[in-house]
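Listed below are the residues making up each chain.
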Amino acid sequence: MKILVTGGAGYIGSHTVLSLLNNGYEVVVYDNLCNSSEVSLQRVQQLAGNTVEFVQGDIQDKSALTALFKQYPIDAVIHFAALKAVGESTQLPLAYYQNNVHGTLCLLEAMQVANVHQFIFSSSATVYGEENAVPYVETMTLGTPSSPYGASKVMVERVMADVALANAQFKGVSLRYFNPIGAHPSGQIGEDPKGIPNNLLPYVAQVAVGKRDKLNIFGGDYPTADGSCERDYLHVMDLADGHVAALDWLIKNEQFTGVEAFNLGTGTPVSVFAIVNAFEQATGKTIAYDVAPRRAGDLPAFWADANKAKIQLNWHASRTLQQMMEDTWNWQSNNPNGFDS
Ligand code: NAD
Ligand code: UDP
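Quantities reported herein were computed from a predicted structural model and do not represent experimental measurements.

J.: Just give me the short version of the sheet that holds strand 3 (residues 53-56), but keep the residues and values in it.
T.: The parallel open sheet is built from seven strands, whose spatial order is 3-2-1-4-5-6-11. Each edge of the sheet is formed by a strand with only one pairing partner; in this case those strands are strand 3 and strand 11 (258-264). With direction set aside, neighbouring strand axes in the sheet form an average angle of 20 degrees. With respect to the sheet, helix 3 (residues 62-71) is in contact with strand 1 (2-6), strand 2 (26-31), strand 3 and strand 4 (76-79), its orientation differing from that of strand 2 by roughly 170 degrees.

Below, the structure written as structure tokens:
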């Protein structure tokens, strides 16, 4: 089986490509490298002892996509390619809707022309918006995310539902990720954010390695047990394996058409203070921090109801918080400047 992975050079994509290769799938990666390095794919190939076809290109380039589907007999598409910085999306909404929504339309059109109907989409817990109570369950009506980034994910989920109504062969899976962290245990691939990290773990790791002075903990007065926000952090290798489980399910389940959504999370909320403690314990490093004002748009706490993926996909997040911290540190300390190290 040949799988097209858009955005496969990025953080989650590269770990997923490795899991796909290790499970016997052939992979073609299509990525414009706007937020990644081809070095990630070289390392994936070394780790897997197997090769990946790489085509550099943009998902908004329809003729390049048409040529891609002509060149390779693709069985299914896993679609990671997107811009993902929540704060930046409020400054550049048009760029986010262009890339994430229009880009996905171009991809779905090219798939339709090529007669490829199996599609797995990188969605996010943000689609539940502010309206829904926690834990989030897949049966909930989607909410209204506060950022253009979140709205772009809701829009694509809607597009998938409409495509499925119009095309009886369409088999779509929307994977709603909670908070992926960590890295492959080899320390060879991991998250390599450009500039100042927006996300908690990359920031913590850069404080530990001496690239940043201290962490700002955004808000210590939330209505949670210790006053900081709570999230559902899962190991990126568990998330990668979740894609293989979803793909296996899609392929084996011949009767299935339509769209099915799955939460990929642990089902357990963890606070920002608990993350700092866990990192310090796992690595022996001390993380200097200040408790700073709340960050605009942050919700106090959200986590997954992770039962549907467990029952239907036979998948659950098994790696511990300690492994997430050790693997983050292994990657960061071996590659202090990411793939440029
Ligand atoms: P990433 O930035 O590391 O990976 C995205 C990849 O897509 C990059 O390699 C980038 O170069 C590529 N890309 C972006 N726009 C493109 C375009 N127009 N054409 C071709 N390639 C393009 O991000 P990630 O953390 O690996 O996220 C992957 C997916 O998961 C994204 O869709 C993101 O929205 C989603 N997601 C991420 C998280 C998270 O916390 N990291 C949470 C929920 C959902
Ligand atoms: N956070 C923080 N300091 C940082 C980055 C993040 O305190 O430098 C907090 C943030 O307020 C949130 C949690 O860490 O409560 C997770 O944030 P992240 O941006 O990683 O994920 P998301 O907001 O998407 O859940």
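J.: Outline the site of ligand 2, listing residues and values.
T.: In the region of ligand 2, 16 residues are neighbours, and Asn216, Cys229, Arg231, Arg295 and Asp298 sit closest. Asn216 places a polar main-chain atom, nitrogen or oxygen, 2.7 Å from a nitrogen atom of ligand 2. In this structure, an oxygen atom belonging to ligand 2 sits 2.6 Å away from a side-chain N or O atom of Asp298. In isolation ligand 2 exposes 520 Å². Once the protein is present, 89% of that is buried. Elements with a contribution of two residues or more to the shell around ligand 2: helix 7 (200-208) and strand 8 (215-218). If one sorts the elements of the shell around ligand 2 by residue count, strand 8 sits on top with four residues. Residue classes in the shell around ligand 2 are distributed as nine nonpolar, four polar and three charged.

J.: Residue-level account of the environment of Ala48, with values.
T.: Within the element layout of this structure, Ala48 appears in helix 2 (residues 39-48). Among residues more than four places away in sequence, those in contact with Ala48 are Leu18, Leu21 and Asn22.

J.: Could you give an account of the site of ligand 1, naming the residues involved and the relevant values?
T.: If you check the shell around ligand 1, you find 26 residues, and the closest are Asp31, Asn35, Ser36, Phe80 and Tyr149. For ligand 1, an oxygen atom lies 2.8 Å from a polar atom in the backbone of Ile12. A distance of 3.1 Å separates a nitrogen atom of ligand 1 from a polar atom in the side chain of Asp58. For ligand 1, the accessible surface in isolation is 820 Å², of which the surrounding protein chains cover 96%. It is strand 5 (residues 118-124) that contributes the most residues to the shell around ligand 1, three residues altogether. Per-class residue counts for the shell around ligand 1 are twelve nonpolar, ten polar and four charged.

Rules used throughout
- Each chain has its residues counted from 1, following the order in which its sequence is written.
- Key to labels: chains lettered from A, ligands numbered from 1, both in the order written.
- Local features in a predicted model are, by the rule used here, given only for residues with pLDDT of at least 70; side-chain atom pairs are given and counted only at 80 or more, and totals for whole chains, interfaces and linings are based on all residues.
- To obtain the side-chain values, all non-hydrogen atoms of the structure were used and water was disregarded.
- Strands are labelled as partners when DSSP assigns at least two bridges between them.
- Numbered from the N terminus, helices here are DSSP runs of H or I no shorter than four residues, and strands are runs of E no shorter than two.
- Orientation is described by lines fitted to C-alpha atoms, with helices fitted over the stretch in contact, and by angles between N-to-C directions that extend from 0 to 180 degrees.
- Any two residues whose heavy atoms approach within 4.5 Å are treated as being in contact.
- Here, proximity means that at least one heavy atom of the residue falls within 4 Å of the molecule or strand.
- Residues adjacent in sequence count toward polar contacts only when both atoms are side-chain atoms; beyond that, a polar contact is any pair of N or O atoms within 3.5 Å, and within protein one must be able to donate a hydrogen and the other to accept it.
- Note on areas: Shrake-Rupley with a 1.4 Å probe; residue coverage comes only from the protein chains shown.
- All residues other than Ala, Val, Leu, Ile, Met, Phe, Trp, Tyr, Cys, Pro, Asp, Glu, Lys and Arg, Gly among them, are scored as polar; the first ten of these are nonpolar and the last four charged.

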